[in-house]
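# Analysis of the macromolecular model
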Amino acid sequence: MLAVLVALLMATRGAAQTQPSLKEVFKKDFLVGAALNYPQILGLDGRGDSLVRQQFNAITPENCLKWESVHPRPETYSFEVPDKYVAFGEKNGMAIIGHTLVWHHQTPRWVFDSANGKPVDREILLRRMHDHIATVVGRYKGRIKGWDVVNEAVDEDGSLRQSPWLKIIGEDFIVKAFQFAHEADPNAELYYNDYSLENAPKRKGALALVKKLQESGVHVAAVGLQGHYKLVWPSPAQVETTITAFAALGVKVVVTELDIDVVPASQGNEGADLLLNNKDMRRADFYAAGLPDSMQQVLARRYTGLFAVFVRNAEAVDRVTFWGVGDGNSWLNSGGRVNYPLLFDRKYQPKPAFDAVLKTGMK
Ligand code: XIL
């Protein structure tokens, strides 16, 4: 009896020790990261944190380094949470990513407005941008490995987005942001980060932008493909074309915010019309009772298709970061959706998609 028990115990321990992790399996290919939310950064989610330690070797802050969080008022910087975020990464030997310096969202109005409510002029906005970047990047100099310097500056048609940054400063706001970041930490990797670069017109615009930055003497270490994907969009071939196109410019590719929205009502024009003939499927909470096994398999196959591309292009791909740890953390639960976009479920248990992804790394 005792012998059986001991054997059993050893077998379980052995299993626990050999439990494969994403970071191990893809060690030779790329870093594997996760975005951390406030509870995870503050140590209020012990199970989340231990899963992060076990599976990932890179982290991105989901919100705490965005302008509105870290610099809510002109003279107020709020570094308490970001300090903890960086300490968590250092303690666990992880690649620590900064997200994000210059964006049109989650940036307070005061940044763009003067006291009388009118937009500030170019010089003032450039100074604010400079001071923000110098202060935030400077604080973590040598500790944050790379920064999403400019986020989402290109529009769907490939032109530059008409953001307050563009309207007030002009096209060179992007070069300036990269220069300021480089001055603040000459060794940090600097990224341009955007979504839907898998669509040809937007990709063309981003490729032109990267070329222009390079011609201005700016070193773009990598382009971030956010990777907010649907079940059928973009195709693995589109993703591969995108990686190859940026790699040809001599920049790396990082997948920065990977998740797959499975809610039928979120599928947009991508083949969802048929599905949405069914009235129930238009409900955001269509999967409130759980994701059926057949859909777990669909998601697993979808992840397999994407990771096959990442692995095949591992020379160009430096990192793949998921936008959240478990499904319960995901921003894709907004708008009443009950979503299942990640590799771990609401109890942080691995889903079939987790095993499927691991398989793509076990060559
Ligand atoms: C999202 C966060 O996940 C949410 O918590 C927040 O309310 C809004 O922003 N592109 C980005 C990310 O670059 O910063 C966004 O994160 C998702 C889209």
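See above for the structure.
The model shown is predicted, which means the values in this text are computed figures rather than measured ones. (Residues numbered from 1 in each chain as written. Predicted model: local features only at pLDDT ≥ 70, side-chain atom pairs only at ≥ 80, totals over all residues. Heavy atoms only, no water.)

Here we come to the overall build of the chain. Scanning the chain from terminus to terminus reveals 13 helices and nine strands. Taking 21 Å as the expected radius of gyration for a compact globule of 363 residues, we find that the chain reaches 21 Å, a close match to that expectation. For the chain, buried positions account for 53% of its 363 residues. Considering only contacts within the chain whose residues lie at least 6 apart along the sequence, 78% involve residues at least 24 apart. (Helix = DSSP H or I, 4+ residues; strand = E, 2+ residues; numbered from the N terminus. Rg over C-alpha atoms; globule rule 2.2 N^0.38 Å. Buried < 20%, exposed > 50% of the residue type's maximum accessible area, 1.4 Å probe, protein only. Contact = heavy atoms within 4.5 Å.)

Moving on: the site of the ligand. Taken together, the neighbourhood of the ligand is formed by 13 residues, with Glu-62, Lys-66, His-99, Glu-257 and Trp-323 sitting nearest. A distance of 3.2 Å is found between an oxygen atom of the ligand and a side-chain nitrogen or oxygen belonging to Gln-106. Here a nitrogen atom of the ligand sits 3.3 Å away from a polar atom, N or O, in the side chain of Gln-226. Here the ligand occupies the largest pocket. Taken together, the residues of the shell around the ligand break down into three nonpolar, six polar and four charged. (Near = heavy atom within 4 Å. Polar contact = N/O pair within 3.5 Å; in protein donor to acceptor, adjacent residues only side chain to side chain. 1 Å grid on protein atoms, 1.4 Å probe; cavity = no way out; pocket = protein on both sides within 12 Å on 5 of 7 lines; lining within 4 Å. Sits in = over half its atoms within 2 Å of the grid points. Nonpolar A, V, L, I, M, F, W, Y, C, P; charged D, E, K, R; others polar.)

Here we take up the packing of helix H10 (residues 200–215) against helix H11 (residues 236–247). Running from N to C, H10 and H11 point in directions that differ by 15°, and their axes come no closer than 11 Å. Classified by the angle their axes make, H10 and H11 are roughly parallel. As H10 packs across H11, the resulting crossing turns out to be right-handed. Contacts between H10 and H11 involve Arg-203, Ala-206, Leu-207 and Val-210 on the former and, on the latter, Gln-238, Thr-241, Thr-242, Ala-245 and Phe-246. Of the residues belonging to the contact of H10 with H11, the class tally is five nonpolar, three polar and one charged. (Axes fitted to C-alpha atoms, helices over the stretch in contact; angles between N-to-C directions. Parallel < 35°, antiparallel > 145°, perpendicular 65-115°, else oblique. Left-handed = near helix turned anticlockwise from the far one by under 90°.)

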